[in-house]
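# Overview (structure and organization)
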Amino acid sequence: MKIDKVFLASDHAGFELKNELKEAIKGLGYEVVDLGTNDKNSVDYPDYAHLLASKLEPNCYGVLVCGTGIGISIAANRHENVRCALCHDEFTARLAREHNDANVIAFGARVIGAGVAISAVEAFLKTEFAGGRHERRVKKIELEAGK
């Protein structure tokens with residue numbers, strides 16, 4: 001699948017990692033849209049998760065960062081067009097795409113370093129959904145969510 005855009009957003013705790021990921025994703029040749037935050041001043045992570053979710057469209061992916069990745073991923077998953085996976089390494093990022101057809105990846109800036117996050121986001125963006133038995137399972141997630 002061709003990726004049209006990659007949206008990025010973070011709270012204050014994820015600001016620095018978001019910026020490092022932005023440069024890495026641009027370096028891979030993807031169009032990047034940075035939705036903020038734009039400094040280290042305290043903000044509320046749900047605001048940025050909701051903003052990113054509102055921008056997602058087909059063939060677009062999202063990257064979210066907060067302190068642990070937990071809160072921002074929970075907030076993002078409240079939206080029916082989002083399948084956000086909180087990932088900690090390249091393996092979980094690859095399987096989030098391959099098995100779960102995730103379209104948003106979340107990281108905890110206080111949990112993993114930039115090098116691990118960069119390799120994980122690269123794997124996420126380059127991995128295709130496997131379909132097959134996994135497609136049936138993803139459809140069950142959507143059904144349970146009332147989609």
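Residues numbered from 1 in each chain as written. Predicted model: local features only at pLDDT ≥ 70, side-chain atom pairs only at ≥ 80, totals over all residues. Heavy atoms only, no water.

A word on the UniProt feature "active site" (unreviewed entry) in the chain. When the UniProt feature table is mapped to this numbering, "active site" (unreviewed entry) covers Cys-66 and His-99. In summary, the annotated positions, distributed over 34 residues, remain apart in three dimensions as well, the widest C-alpha pair reaching 24.2 Å. Take Cys-66: it is sitting in strand S3 (residues 60–66). Within the secondary structure layout, His-99 lies in the loop between helix H4 (90–98) and strand S5 (104–108). Overall, His-99 belongs to the partly exposed group, its relative accessible area being 25%. (UniProt positions renumbered as here; feature names shortened; annotations may be inferred. Helix = DSSP H or I, 4+ residues; strand = E, 2+ residues; numbered from the N terminus. Buried < 20%, exposed > 50% of the residue type's maximum accessible area, 1.4 Å probe, protein only.)

At a closest axis distance of 10 Å, the pairing of helix H1 (residues 15–27) and helix H5 (residues 114–126) adopts a crossing angle of 45°. With respect to H5, the element H1 is oriented oblique. Judged by the twist between their axes, the crossing of H1 over H5 is right-handed. Counted together, Leu-17, Glu-20, Leu-21, Ala-24 and Ile-25 of H1 and Ala-114, Ala-117, Ile-118, Val-121 and Leu-125 of H5 form the full contact between these two elements. (Axes fitted to C-alpha atoms, helices over the stretch in contact; angles between N-to-C directions. Parallel < 35°, antiparallel > 145°, perpendicular 65-115°, else oblique. Left-handed = near helix turned anticlockwise from the far one by under 90°. Contact = heavy atoms within 4.5 Å.)

On to the pairing of S5. Among the five residues of S5, five are classified as buried, and the element is accordingly described as predominantly covered. Across the two faces of S5 the burial is the same, with Val-104, Ala-106 and Gly-108 and Ile-105 and Phe-107 all buried. Two strands pair when backbone bridges link them, and S3 and S5 are joined in this way by five bridges, in the parallel orientation. Residue Leu-64 lies in a different strand from S5, and its bridge partner there is Ala-106. The β-α-β motif built from strand S4 (residues 84–86), the intervening H4 and the parallel element S5 has right-handed crossover chirality. (Pairing = 2+ DSSP bridges. Right-handed = clockwise from strand over helix to strand, strands pointing away.)

Quick look at the pattern of salt bridges now. All chains considered together, the criterion is met by ten salt bridges. Glu-16 is the salt-bridge partner of Lys-40, the closest N and O atoms lying 2.3 Å from each other. With Lys-40 in the loop between strand S2 (32–34) and helix H2 (45–55) and Glu-16 in helix H1, the pair connects residues that are 24 residues apart, well separated along the chain. The partner of Asp-34 in a salt bridge is Lys-22, with the nearest N and O atoms 2.9 Å apart. In this pair, Asp-34 sits in strand S2 while Lys-22 sits in helix H1, placing the two residues twelve residues apart along the sequence. Here Lys-22 falls in the buried class, since its relative accessible area comes to 16%. Members of the salt-bridge network, linked through shared partners, are Lys-18, Lys-22 and Asp-34. (Salt bridge = Lys/Arg side-chain N within 4 Å of Asp/Glu carboxyl O.)

Another point: the nonpolar core. One broad rule of soluble globular proteins: the nonpolar side chains tend to lie buried together. By size, the foremost hydrophobic cluster in this structure holds 24 residues, and its most contacted members are Leu-21, Ile-25, Val-63, Phe-107 and Leu-125. Per-element tally for this core: the top contributor is H5, with five residues. If sequence neighbours within four positions are ignored, Leu-21 has contacts with Leu-8, Val-63, Val-65, Phe-107, Ala-117, Ile-118 and Val-121. (Core = buried A, V, L, I, M, F, W, Y, C linked by side-chain atoms within 4.5 Å.)

Tracing the backbone shows His-134 in helix H6 (residues 133–144). Apart from the residues lying within four places of it in its own chain, the contact partners of His-134 are Glu-98, His-99 and Phe-129.

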